[in-house]
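Fold and contact review
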Amino acid sequence: MNQYEIRADFDRDTIVVYQAFNEAIASAAVAAQRLVAPFSLNRMTWIKPSFRWLMQRSNWARKPGQERILAIRITRAGWEEALTHAVLTSPERRVYADATAWRAMFKHALVHVQWDPEYSIQGAKLDHRSIQVGLSRNIVERYVSDWTVEIRDCTHFVHRISAHLREGRADRAKRLIPPEKLYPLGEDLARSIGAL
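Remember, it's a predicted structure, so these values are computed and weren't measured experimentally. (Residues numbered from 1 in each chain as written. Predicted model: local features only at pLDDT ≥ 70, side-chain atom pairs only at ≥ 80, totals over all residues. Heavy atoms only, no water.)

Considerations on the sheet that holds strand S4 (residues 68–75)
Strand order in the open sheet made by the three strands is S2-S4-S8, with antiparallel pairing throughout. In the strand order of this sheet, the two ends are held by strand S2 (14–21) and strand S8 (148–153), each with one partner. Along the sheet, successive strands turn relative to each other by an average axial angle of 25°, direction set aside. Summarising the sheet, S2 and S4 pair through eight bridges and their orientation is antiparallel. Opposite Val16, over in S4, you have Arg73 as the bridge partner. Lying on the sheet, helix H1 (residues 23–32) is in contact with S2, S4 and S8; it crosses S4 at an angle near 40°. Taken strand by strand, helix H3 (residues 76–84) contacts S2 and S4, and its axis lies near 95° from that of S4. (Pairing = 2+ DSSP bridges. Helix = DSSP H or I, 4+ residues; strand = E, 2+ residues; numbered from the N terminus. Axes fitted to C-alpha atoms, helices over the stretch in contact; angles between N-to-C directions. Contact = heavy atoms within 4.5 Å.)

Written out as structure tokens, the structure is:
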């Protein structure tokens with residue numbers, strides 16, 4: 001397995017990304033089927049295709065401000081548009097000629113990409129990375145208005161999996177994890193985000 005593979009729940013036209021929000025933002029988004037106020041269009045928002053990564057970050061929807069988990073289905077065209085505008089959050093030598101070149105690109109980047117350790121459902125770090133995509137206020141309107149196809153609240157589902165884990169039923173928990181498979185990227189795009 002490539003350490004920097006994107007693994008996701010996707011079909012021919014769409015891909016699922018996950019976000020954790022507070023009650024007010026999540027309830028408004030589910031009702032409108034769009035991210036609406038009190039969600040802010042004036043700050044960066046981070047989307048993640050890895051369910052397990054977000055579970056680790058949100059402590060299975062128990063962290064303050066991250067009590068609700070939304071599965072947001074967006075167009076693959078939008079996802080790849082975001083990746084096309086992306087600059088890594090650090091000057092990786094495998095991607096950039098030098099730190100000066102990276103700094104110039106990062107200063108004006110519409111989208112940030114970060115590769116973080118992936119986790120097992122029991123919280124162990126794995127030997128591969130998971131992508132996080134940060135959408136700046138200069139492109140987040142596209143995400144909200146043009147790319148979003150569906151918003152599902154999966155908080156109760158998350159709590160169910162978490163309960164299985166706390167009660168020592170890891171096999172049952174694993175069976176409920178949304179299936180994710182390798183997301184195909186063109187070679188140039190993969191190279192530009194450090195996936196090669």
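Some thoughts on the sheet that holds strand S3 (residues 45–47)
Taken together, the four strands give an open sheet; going across it, the order is S3-S7-S6-S5, and neighbouring strands pair in mixed fashion. In the strand order of this sheet, the two ends are held by S3 and strand S5 (86–88), each with one partner. Taking the axes of each pair of neighbouring strands and ignoring which way they run, one obtains an average angle of 40° across the sheet. By the bridge criterion, three bridges tie S5 to strand S6 (residues 111–119) in an arrangement that is parallel. Directly across from Ala86, in S6, lies its bridge partner Val111. In the packing of helix H2 (residues 51–58) onto the sheet, contacts are made with S6 and strand S7 (125–135), and the angle to S6 comes to roughly 85°.

Points about the packing of aromatic side chains
The full count for this structure, using the stated rule, is nine aromatic pairs. Taken together, a centroid distance of 6.0 Å and an interplanar angle of 90° make the contact between Phe21 and Phe39 edge-to-face. Of the two residues, Phe21 sits in strand S2 while Phe39 sits in the loop between H1 and S3, which places them 18 residues apart along the sequence. With respect to class, Phe21 is no different from Phe39; both count as buried. Centre to centre, the rings of Trp79 and Tyr183 are 6.5 Å apart; their planes meet at 80°, and the pair counts as edge-to-face. Taken together, the positions of Trp79 in helix H3 and Tyr183 in the loop between strand S9 (181–182) and helix H8 (187–192) put the pair 104 residues apart, joining distant regions of the chain. (Phe/Tyr/Trp six-rings, centres within 6.5 Å; stacked < 30°, edge-to-face > 60°. Buried < 20%, exposed > 50% of the residue type's maximum accessible area, 1.4 Å probe, protein only.)

Section: the pairing of S4
Along S4, seven of the eight residues are buried, which leaves the element largely enclosed by surrounding structure. By the bridge criterion, five bridges tie S4 to S8 in an arrangement that is antiparallel. Looking at the pairing, Arg73 lines up with Glu150 of S8.

Remarks on the pattern of salt bridges
Scanning the entire structure with this criterion turns up 12 salt bridges. With a closest N to O distance of 2.3 Å, Glu167 and Arg169 form a salt bridge. Residue Glu167 is classed as partly exposed on the basis of its relative accessible area of 48%. Residue Arg169 is classed as partly exposed on the basis of its relative accessible area of 29%. One continuous salt-bridge network, built from bridges that share partners, spans Asp11, Arg73 and Glu150. (Salt bridge = Lys/Arg side-chain N within 4 Å of Asp/Glu carboxyl O.)

Some points on the pairing of S2
Summarising burial for S2: eight of the eight residues are buried, a large majority. Residue alternation in S2 divides its side chains into two sets, Thr14, Val16, Tyr18 and Ala20 and Ile15, Val17, Gln19 and Phe21, and both sets are buried.

Digging into the side chain of Thr14
Take Thr14: it is sitting in strand S2. Relative accessible area serves as the criterion here: at 8%, Thr14 is assigned to the buried category. A polar atom in the side chain of Thr14 sits 2.8 Å from the side chain of Arg73. Ignoring any residue separated from it by four or fewer positions in sequence, one finds Thr14 in contact with Arg73, Ile74, Thr75, Arg76 and Val149. (Polar contact = N/O pair within 3.5 Å; in protein donor to acceptor, adjacent residues only side chain to side chain.)

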